[in-house]
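# A structural walkthrough
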Amino acid sequence: MPLLMLKDLPRYECLLKAAERYPDMELSANEAFLNLLRTADMMFAEKGRYLGQLGLSQGRFTVLMLLNGCCEHPATPASLADEAGVTRATMTGLIDNLERDGFVVREADPLDRRTVLVRLTEAGQTFVEGMLPGWFQRVSSVIDPLDEAERKTLVDLLQKIQIGLTPSPAEDLKTESFKPSEA
């Protein structure tokens, strides 16, 4: 589902009218925010198209990448869920599907038989190794319009925004205190 949920970005005139109505609105900040959301939507859709050609969902891709990163050390379903930022139930479903397709296997931990470990199978490793070159080419083609200096600047700017998105406990309280009126 898109983040922006608008077919087209609002025209600049619409943003100007909003700024007149809401004096605290910073016009350039809102324009930048909307463009960032649109770009994120487009990048997410492009990733989905590429993965769809491979028969993968975003979630399954994430699990394969996590296991590929720690392929020498199998991971627990709980640690994979934490790394992926999903619930353990969601991770169980992803692992079930990948196991059904022969890409992963669950095994008892030899040091603690109560613990289940997940690792890539040989078929899973072969699939990942075959898929990654195309993935990296697609990523490069998306970023290709930027030269090296622009890429560095983009990363620096995005990291600044990310810092601003880390809520402080005080900001969490402010958000909780705003409750829309019930009609």
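Worth saying up front: this structure is predicted, and the values here are computed from it rather than measured. (Residues numbered from 1 in each chain as written. Predicted model: local features only at pLDDT ≥ 70, side-chain atom pairs only at ≥ 80, totals over all residues. Heavy atoms only, no water.)

## Regarding the overall build of the protein
Convention followed: Only DSSP runs of H or I reaching four residues or more are called helices, and only runs of E reaching two or more are called strands; each is numbered from the N terminus. In this scheme, a residue with accessible area under 20% of its type's maximum is buried, one over 50% is exposed, and one in between is partly exposed, where area comes from a 1.4 Å probe on protein chains only. Contact between two residues is taken to exist if any of their heavy atoms lie within 4.5 Å; hydrogens are not considered. In these tables, accessible area is a Shrake-Rupley quantity obtained with a 1.4 Å probe, and a residue counts as shielded only by the protein chains included in the view.
The number of helices and strands found in the protein is eight helices and two strands. Relative to its full complement of 183 residues, the protein shows a buried share of 21%. Within the protein, counting contacts between residues at least 6 apart in sequence, those at least 24 apart form 50% of the total. Surface accessibility of the protein: about 13200 Å² in total, with carbon and sulfur atoms responsible for 59%.

## Here we look at the pattern of salt bridges
Defined as follows: A side-chain nitrogen of Lys or Arg and a carboxyl oxygen of Asp or Glu constitute a salt bridge if their distance falls within 4 Å.
Here the structure, examined in full by the defined rule, presents 11 salt bridges. Across the pair Glu46 and Arg49 runs a salt bridge whose closest N-O atoms are separated by 2.7 Å. Here Glu46 pairs with Arg49, and both are found in helix α2 (residues 27–53), just three residues apart, close to one helical turn. Arg151 is the salt-bridge partner of Glu148, the closest N and O atoms lying 4.0 Å from each other. Of the two residues, Glu148 and Arg151 are both situated in helix α7 (residues 148–164); the distance of three residues between them amounts to about one turn of the helix. Each member of the salt-bridge network shares a partner with another, and the members are Glu46, Arg49 and Arg138.

## A few points about the side chain of Thr121
Inclusion rule: N or O atoms closer than or at 3.5 Å make up a polar contact, with two conditions inside protein: a donor-capable atom paired with an acceptor-capable one, and, for residues adjacent in sequence, both atoms drawn from side chains.
Among the secondary structure elements, Thr121 is positioned in the loop between β2 (112–120) and α6 (122–143). A polar contact of 2.5 Å, which involves the side chain of Thr121, links it to the backbone oxygen of Gly102. With residues up to four places along the chain from it excluded, the contact list for Thr121 reads Gly102, Phe103, Val104 and Val105.

## Brief notes about the nonpolar core
Convention followed: Think of a nonpolar core as a cluster: buried Ala, Val, Leu, Ile, Met, Phe, Trp, Tyr and Cys residues, connected wherever their side-chain atoms sit within 4.5 Å.
Membership of the largest hydrophobic core comes to 23 residues, with the highest contact counts inside it found for Leu56, Leu64, Leu67, Leu80, Met91, Val104 and Met131. The element best represented in this core is α6, accounting for five residues. Excluding residues that lie within four positions of it along the chain, Leu67 makes contacts with Ala75, Leu80, Val104, Val118, Arg119 and Leu120.

Shape is all these values report; function is a separate question.
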